[in-house]
Amino acid sequence: MPSTTGPLMPFQPSARYPDPAIEILDPRMRALRLFNAGVEQLASGLRWAEGPVWFGDGRYLLLSDIPNDRILRWDDTSGATSVFRQPAGHANGHARDRLGRLVSCEHHGRRITRTEHDGRITVLADRFEGARLNSPNDITVARDGSIWFTDPSFGIESDWEGERAEPERPHAVYRIDAQTGALRCVIDDLAAPNGLAFSPDGSLLHVIESRATPRRIWSYPHHADGTLGERRLLVEAVDHGALDGMAVDRDGNLWCGYGSTGAPDSDAAKLDGVRVHAPDGTAIGHIHLPERCANVCFGGARHNRLFMAASHSLYALHVNTSGAV
């Protein structure tokens, strides 16, 4: 990777199949593991990798390097990594809208932006009821084209991932209407909502509460009018596990960025990687990485490649499923 702004993390792929880095916690994981596919390191040298999003029409992946204020582009045809945008507003999470445009969470501008097909940047949201957003974190797009994002205060708590400032709004989850562009607060009672994703049929919205103790994933019924029903606890992290971002596969399994909370008695080497949960919330597998994983997405020609943004590096693993579309 053409970067000298951070440490290049050494990585030795396993020569053994099945890759011992893929741990089976429940028999259901066996059907998702390809016995002759292993974890690969695609790039390194980032300071904090986040927000991967796949562009199949161009065969490339974008991801954020938040402290370095840049969005990187990993090319599937050459394996090369280059700078897509810098400065990038200390961008964090990304998604694509129904017209294939990039929609991004930006810490520095405290806003949601859309990159048009000609490269122009449109601001979709930066205030609610007159107050500035905190630091939009993760983002997803519903079937109806509405844009949903989480807004904790991580990016304004220091000058490392944005610019230090006082919050003007409580932590919340918002929805941008696809037709009118109206911004609505849909959840405001979670401690630092983080990763979010819809179930394959769009009937459920999953949200990670990252400052709960322990960290949790809540599931909300998602109605046709864009409102949410009463939440249900789906996952509660164990052993000081730290849930972050997530992606959902075609069968509703949740693939979650994972690491340690940093508690004195936690085992980071055991926890770093990706934790896989069945639709009923059961932990069924763990992909061990040498670094804490922040966020994931599915991509590749058949959408069956899991890309993992993990601290200083980008990793990938072919799996026996595909991302929900």
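Identification of the protein chain as SMP-30/gluconolactonase/LRE family protein from Leptothrix discophora is taken from an unreviewed UniProt entry.

With respect to the side chain of His222
With respect to the helices, strands and loops of the structure, His222 is situated in the loop between β19 (216–221) and β20 (232–236). The class for His222 is buried, based on a relative accessible area of 14%. A polar contact is formed between the side chain of His222 and the backbone oxygen of Gly202, at a distance of 2.8 Å. Apart from the residues lying within four places of it in its own chain, the contact partners of His222 are Ala142, Trp148, Phe198, Gly202, Ser203, Leu204, Leu205, Thr227 and Leu228.

Details of the pairing of strand β26 (residues 305–310)
Along β26, six of the six residues are buried, which leaves the element largely enclosed by surrounding structure. Here β26 shows a buried face lined by Arg305, Phe307 and Ala309 and a second buried face lined by Leu306, Met308 and Ala310. Where strand β25 (residues 295–299) and β26 come together, five bridges link them in antiparallel fashion. If you follow Cys297 over to β26, its bridge partner there is Phe307. Counted along the chain from β25 to the antiparallel partner β26, the turn is five residues long, and its residue Gly300 has a positive phi close to 90°. With six bridges connecting them, β26 and strand β27 (residues 313–318) associate as antiparallel partners. Across the sheet, the residue bridging to Phe307 is Ala316, located in β27. Counting the residues between successive antiparallel strands, the hairpin from β26 to β27 contains two residues, one of them, Ser311, with a positive phi of roughly 55°.

The rules behind the values
Residues numbered from 1 in each chain as written. Predicted model: local features only at pLDDT ≥ 70, side-chain atom pairs only at ≥ 80, totals over all residues. Heavy atoms only, no water. Helix = DSSP H or I, 4+ residues; strand = E, 2+ residues; numbered from the N terminus. Buried < 20%, exposed > 50% of the residue type's maximum accessible area, 1.4 Å probe, protein only. Polar contact = N/O pair within 3.5 Å; in protein donor to acceptor, adjacent residues only side chain to side chain. Contact = heavy atoms within 4.5 Å. Pairing = 2+ DSSP bridges.

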